[in-house]
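So the chains spell out like this:
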Amino acid sequence: MKHTISVLVENQFGAFNRVATMFSGKGFNIHSISIGETENPEVSRMTIVTEGEDKIMEQVVKQLNRLIDTIKVIDLTGQTRVERELALITVFYQKGTRAEVISICDIFRGNVVDINNKTITLEITGPPDKIDAVVNVLEPYGIKEMARSGTVALKRGEQLKYDKNSVTQ
Amino acid sequence: MRTTKQKLSGADIFFECLRQEKVEYVFGYPGGAVLKIYEKLYDVKHLKHILVRHEQGAAHMAEGYAKATGKVGVVLVTSGPGATNTVTGIADAYMDSVPIVVFSGQVATHLIGNDAFQEADIVGITRPITKHNFLVRDVNELASTIKKAFFIASTGRPGPVLVDLPKDVINSVCEFEYPDKVEMRGYKPTFLGHQNQIKKAAEIIKSAKRPLLYVGGGVIMSNGERELRLFAKENNLPVTMTLQGLGAFPGTDSQSLGMLGMHGTYWANQAVNNCDVLVSLGARFDDRVTGKVDTFATKAYKIHVDIDPTCIDKNVIVDLPIVGDVKHVLAELAAEMNEPLQIDDWWEQINGWREECPLHYEKNDGKLRSEFIIEKISEKTKGEAVVVTDVGQHQMWTAQYYKFNNPRSHLTSGGLGTMGFGLPAAIGAAFGVKDRPVVLISGDGGFQMNIQELATAVYNKLPVKLFIINNSFLGMVRQWQELFHDEKYSFTDLSESNPDFVKVAQAFGLKAIAVNSPSKVDDALDEAFAYNDGPVLIEFKVVKEDMVFPIIPAGKSVNEIMTKRLDPKEMV
Ligand SMILES: Cc1ncc(C[n+]2csc(CCOP(=O)(O)OP(=O)(O)O)c2C)c(N)n1
Ligand SMILES: [Mg+2]
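Cut-offs applied
Residues numbered from 1 in each chain as written. Chains lettered and ligands numbered in written order. Predicted model: local features only at pLDDT ≥ 70, side-chain atom pairs only at ≥ 80, totals over all residues. Heavy atoms only, no water. Helix = DSSP H or I, 4+ residues; strand = E, 2+ residues; numbered from the N terminus. Rg over C-alpha atoms; globule rule 2.2 N^0.38 Å. Buried < 20%, exposed > 50% of the residue type's maximum accessible area, 1.4 Å probe, protein only. Lys, Arg positive; Asp, Glu negative; His and termini not counted. Charge placed at Lys NZ, Arg CZ, Asp CG, Glu CD. Donors = N, O, S within 2.8 Å, 3.2 Å for Na, K, Ca; no water. Pairing = 2+ DSSP bridges. Axes fitted to C-alpha atoms, helices over the stretch in contact; angles between N-to-C directions. pLDDT = per-residue confidence, 0-100. Expected span 1.5 Å × (residues − 1). Arc of directions from axis to C-beta. Contact = heavy atoms within 4.5 Å. Buried area = accessible area lost by both parts, 1.4 Å probe. Salt bridge = Lys/Arg side-chain N within 4 Å of Asp/Glu carboxyl O. Polar contact = N/O pair within 3.5 Å; in protein donor to acceptor, adjacent residues only side chain to side chain. Domains from an automatic or database assignment. Nonpolar A, V, L, I, M, F, W, Y, C, P; charged D, E, K, R; others polar. Left-handed = near helix turned anticlockwise from the far one by under 90°. Core = buried A, V, L, I, M, F, W, Y, C linked by side-chain atoms within 4.5 Å.

Undergrad: Go over the overall build of chain A, please, and point to the residues and values.
TA: The helix and strand inventory of chain A stands at four helices and nine strands. Along chain A, from the amino end to the carboxyl end, the secondary structure elements read β-α-β-β-α-β-β-α-β-β-α-β-β. In summary, chain A has a C-alpha radius of gyration of 20 Å against a globular reference of 15 Å for 169 residues, an excess of more than 25%. Each principal axis of the C-alpha distribution contributes one length, and for chain A these read about 60 × 55 × 35 Å. The buried share of chain A, taken over its 169 residues, is 40%. Positive and negative charge centroids in chain A, built from 21 and 22 side chains respectively, lie 2 Å apart.

This is how it looks when you write it as structure tokens:
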């Protein structure tokens, strides 16, 4: 089963490498990995999408925790969360298909970010399965190049029940 | 003490930090990138630098010192080849959780990445084999980094830490202040063990009919031997130990079943196979212990106490995990117990296995055998020596026949199985231990892997007892060739190429004795133990083709244990 794991690490030289080294050394899969700053410039957040049996996933989380540079490890799997990925996709078009490609882009609420006389580049964001769907639809036109950012994810904020008494007038 | 702010060079800061960490010995070797440090070292009085003959030797010496004393072992080497030569020792320390800190020189920061002379990315190279490592990029971070390095190496599950020191960092100057505390939000190493889990464990142990304690090196690292003894003795519990656990519980005690696993005793392995409650204490269910995992202790409810959460459910799924410091958990467990377990039937069964298949070797053919020598060493030292081994058959015979009475007395490379560990580790141990003899039991093969360190032992007049069990073979490999590889003795016969070890030793300046018959063993050992002006070596020329029994072949179950060489007649 796929797991999305969010890891807060010290924003420090080598922290990313340590995580990557651990994954390869232990033979764990990585589907995608992304890293960037958080609200605190001393801390980076890595979002790792990995896959394996539950026991392996437990080991992944423990091994991540064991690294000195990791501050917090949260397995977001099974939690309500927001997941997003960004893809840039350059697609070939022929005379008659340009409009089709652009309308596909519109359906998926993407943006056209570049065009020349052979290809058109789309920017699509959304949950990873949406990106998969776009790729699937665009494939027949011929995808020249693609770059996917890997998943970033956050736990959803707690849903507070509406309480009319607490509404300030 | 110079703790208030003053301007010091990186090299001075380095030594001030070591002083604050109360480092007594640094095992090192000079070179270009650390010349400034060696310049300062010339006048340093608060620690002793031990010049090794190869940097691998330095790493193993630091390990030997650390394992024997419980303190952190310290290594200092130059960049490039100096640093890469320590890699095997670092990997060894990582596998066996030995607290060492390795300081490596590095080219100046502006040259890093340029393939500068003697540059190696040692931080990258050692990342998977250190508990943590650091590249110090600014002299202002030097003191706090060293503080962290010692803290990380010695706390929690101990392990090696490498600190890479670029030449310009060593040369530059800054205000020095040694922090007295370390704050690392990602590293909180103390765990006390969950109260309810401990209570539950105690209830389960109380109700056990066939309990067994399976003790690993973690008990020794946490200094939990007293707690273990009390817990086992007061509750009448049988104890078996891993290779690294030997010494945690006295080998002469009737409740000790000796070592378990591949070359463990028949009765310890039968006990594991038949116990109903298995309590693992600071052990990690290594494949040399479990054999075939599916058949390991299948009848047992498994309790696993370990400070490292990653050890739990890694190889064997357990029923009750307790993450915590073993010493602390043992004390808490003991407090929950009330009376000795009534398990006479179980003891009877265990003692039955003990009689059914004791450790044995041929004593009546007049030939010199390793087992006999090791038994003699055990007798002469009353199980009180610090015994260091190399890797191979002699290592397993030592584990079987030396009756360790104390923790930190059996130093061996278990996890990595590093030939060449023994001699330097014994030297390191001898620097740390002055009140007990330090004995090396090495094979003829492994002894040659760091033989250059004889010079270190001689120069420092260390009274180490160096015993070579010379079977003229890479014996352990030969054994596997005989048992599992169609008797193809491919490149394991050293009889044509071994040196005369006595002459070699003499050339290095050692006292050296050759022994080739059982009748000479007593006198030679007496002579060696009486000589304390420097190292002494005995070359024991033993029979060539003996094998270590029992053996459970790799990946097999206890039922497939082999207890003796097959008679050729039985084989056809
Ligand atoms: C550095 C290293 N290389 C190879 C091995 C594989 N190996 C394990 S035991 C052994 C033979 C050891 O021979 P010796 O030192 O003579 O000890 P004996 O088994 O004969 O007692 C070898 C080659 C190893 N453990 N370490
Ligand atoms: Mg040999």
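Undergrad: Summarise the coordination of the magnesium ion (ligand 2); cite the residues concerned and give the values.
TA: Where a metal carries four tetrahedral donors, each ideal angle is 109.5 degrees; where it carries six octahedral donors, the ideal angles are 90 or 180 degrees. Residue and element names in this part refer to chain B. The coordination sphere of the magnesium ion (ligand 2), as far as protein atoms go, consists of Asp-444 (OD), Asn-471 (OD1) and Phe-473 (O), spread over 2.0 to 2.1 Å. Ordering the donors of the magnesium ion (ligand 2) by residue number gives the pattern D-x26-N-x1-F. Of the two residues, Asp-444 is situated in helix α19 (residues 444-447) and Phe-473 in the loop between β18 (465-470) and α21 (475-484); the sequence distance between them amounts to 29 residues.

Undergrad: Give me the lowdown on the sheet that holds strand β4 (residues 73-77) of chain B, citing residues and values where you can.
TA: Strand-to-strand pairing in sheets goes through backbone hydrogen bonds, with the strands running parallel or antiparallel. All names here are of chain B. Spatially, β3-β2-β4-β5-β7-β6 is the arrangement adopted by the six strands of the open sheet, whose pairing is parallel. Sheet topology places β3 (48-51) and β6 (132-135) at the edges, where each strand pairs with a single neighbour. Each adjacent strand pair in this sheet contributes to an overall mean axis angle of 20 degrees, direction not counted. Note that strand β2 (residues 25-28) and β3 share four bridges and pair parallel. Bridge pairing in β3 places Phe-27 opposite Ile-50.

Undergrad: Mind laying out the confidence of the model for chain B, listing which residues take part and the relevant values?
TA: Mean pLDDT over chain B stands at 96; residues scoring 70 or higher make up 98%. For this predicted complex, the interface score ipTM comes out at 0.90, alongside a pTM of 0.95.

Undergrad: Lay out helix α9 (residues 195-206) of chain B in plain terms, naming residues and giving numbers.
TA: All names here are of chain B. With 12 residues, α9 ought to run about 16 Å at 1.5 Å a step, and its terminal C-alpha atoms sit 17 Å apart, in line with that. All of the buried residues in α9 are Ile-198, Ala-201, Ala-202, Ile-204 and Ile-205. For α9, the angular spread of buried residues about the axis comes to 165 degrees, placing them on one side. Next to the buried residues of α9 lie α11 (225-235), β12 (277-281), β13 (301-306), β14 (320-323) and α14 (326-336).

Undergrad: Describe the interface of chain A and chain B, and please don't skip the residues or the numbers.
TA: With 20 residues of chain A at the contact, the number on the chain B side is 21 residues. Summing both partners gives a buried area of about 1700 Å² for chain A against chain B, and 52% of it is carried by carbon and sulfur. Linking chain A with chain B are four salt bridges. With its nearest N and O atoms 3.4 Å apart, the salt bridge here joins Glu-42 of chain A to Arg-185 of chain B. Linking chain A with chain B are eight residue pairs in polar contact (both at pLDDT 80 or more).

Undergrad: Residue-level account of the domain arrangement of chain A, with values.
TA: As assigned here, chain A comprises domain 1 (2-75) and domain 2 (82-150). Computed over C-alpha atoms, the centres of domain 1 of chain A and domain 2 of chain A are 29 Å apart.

Undergrad: An account of the domain arrangement of chain B is requested, with residue identities and associated values reported.
TA: Residue and element names in this part refer to chain B. Under the domain assignment, chain B is made up of domain 1 (6-176), domain 2 (195-356) and domain 3 (370-548). The gap between the C-alpha centroids of domain 1 and domain 2 is 37 Å. Counting residues at the interface gives seven residues for domain 1 and six residues for domain 2. Both faces considered, domain 1 and domain 2 share a buried interface measuring about 550 Å² in area, 52% of it formed by carbon and sulfur atoms. Between the two partners, domain 1 and domain 2, sit one salt bridge. One salt bridge connects Asp-308 with Arg-157, and the closest N-O pair in it is separated by 2.8 Å. If you look at where domain 1 meets domain 2, you find two residue pairs in polar contact (both at pLDDT 80 or more). Residues of the side of domain 1 that touches domain 2, tallied by class, amount to two nonpolar, two polar and three charged.

Undergrad: Please provide a residue-by-residue account of the packing of helix α1 (residues 10-20) of chain B against helix α7 (residues 142-154) of chain B, values included.
TA: Residues and elements named next belong to chain B. Relative to each other, α1 and α7 sit at 35 degrees, their axes nearing to 10 Å. Between α1 and α7 the crossing geometry is right-handed. Across from Gly-10, Ile-13, Phe-14, Cys-17 and Leu-18 in α1, the residues of α7 making contact are Leu-142, Ala-143, Ile-146 and Phe-150.

Undergrad: Talk me through the nonpolar core; I want residue IDs and the actual numbers.
TA: Residues and elements named next belong to chain B. Counting residues in hydrophobic clusters, the biggest one holds 93 residues, and the most contacted among them are Leu-213, Leu-281 and Phe-540. Split by domain, this core shows at least three residues from each of two domains, domain 2 (195-356) and domain 3 (370-548). Not counting the four nearest positions on each side in its chain, Phe-540 is found in contact with Leu-368, Ile-373, Phe-467, Ile-468, Ile-469, Asn-470, Val-515, Val-521 and Leu-525. Judged by nonpolar contacts, the second largest core, of 52 residues, contains Ile-129, Leu-135, Phe-421 and Ala-430.

Undergrad: Quick rundown of unusual backbone geometry? Include the residues and the values.
TA: Residues and elements named next belong to chain B. Geometrically, the link from Phe-549 to Pro-550 is a cis peptide bond, its omega value of -5 degrees lying close to zero. Structurally, the position occupied by Pro-550 is in the loop between β20 (536-541) and α24 (568-571). Unlike most non-glycine residues, Gln-118 shows phi in positive territory, near 55 degrees. Tracing the backbone shows Gln-118 in the loop between β5 (100-106) and α6 (122-126). Its identity as a non-glycine residue notwithstanding, Asn-236 has a phi of 65 degrees, on the positive side. For Asn-236, a relative accessible area of 18% puts it in the buried group.

Undergrad: So what's going on with the pattern of salt bridges? Which residues, and what values?
TA: Where charged atoms from two side chains of opposite charge approach closely, those side chains can pair. Residue and element names in this part refer to chain B. The final tally for this structure, using the stated rule, is 32 salt bridges over all chains. The partner of Asp-96 in a salt bridge is Lys-67, and the shortest N-O contact between them spans 3.7 Å. Placement of the pair is Asp-96 in the loop between α5 (87-95) and β5 and Lys-67 in helix α3 (residues 55-69), with a sequence separation of 29 residues. Residue Arg-565 is joined to Glu-482 by a salt bridge in which the shortest nitrogen-to-oxygen separation is 2.8 Å. Pair noted here: Arg-565 is in the loop between β20 and α24 and Glu-482 is in helix α21, with a separation of 83 residues, a long-range link. Residues participating in the shared-partner salt-bridge network are Lys-376, Glu-379, Lys-380, Asp-522 and Asp-526.

Undergrad: Outline helix α22 (residues 501-508) of chain B, listing residues and values.
TA: All names here are of chain B. Taken together, the buried positions of α22 are Phe-501, Val-502 and Ala-505. Taken around the axis of α22, the buried residues stretch over an arc of 100 degrees, which confines them to a single face. α22 presents Lys-503 and Ala-507 as exposed residues on the side facing more than 90 degrees away from its buried surface. Looking at the buried residues of α22, the elements they touch are α19, β18, β19 (511-515) and β20. Measuring from the side-chain oxygen of the N-cap residue of α22 to the backbone nitrogen of Val-502 gives 3.0 Å; that N-cap residue is Asp-500.

Undergrad: Give a description of the environment of Leu-18 of chain B that names residues and reports values.
TA: Residues and elements named next belong to chain B. The topology assignment puts Leu-18 in helix α1. Residues Leu-18 and Ile-146, 128 residues apart in the sequence, show an inter-C-alpha distance of 8.3 Å. With sequence-adjacent residues up to four places away left out, Leu-18 is seen in contact with Val-23, Val-26, Leu-47, Phe-103 and Phe-150.

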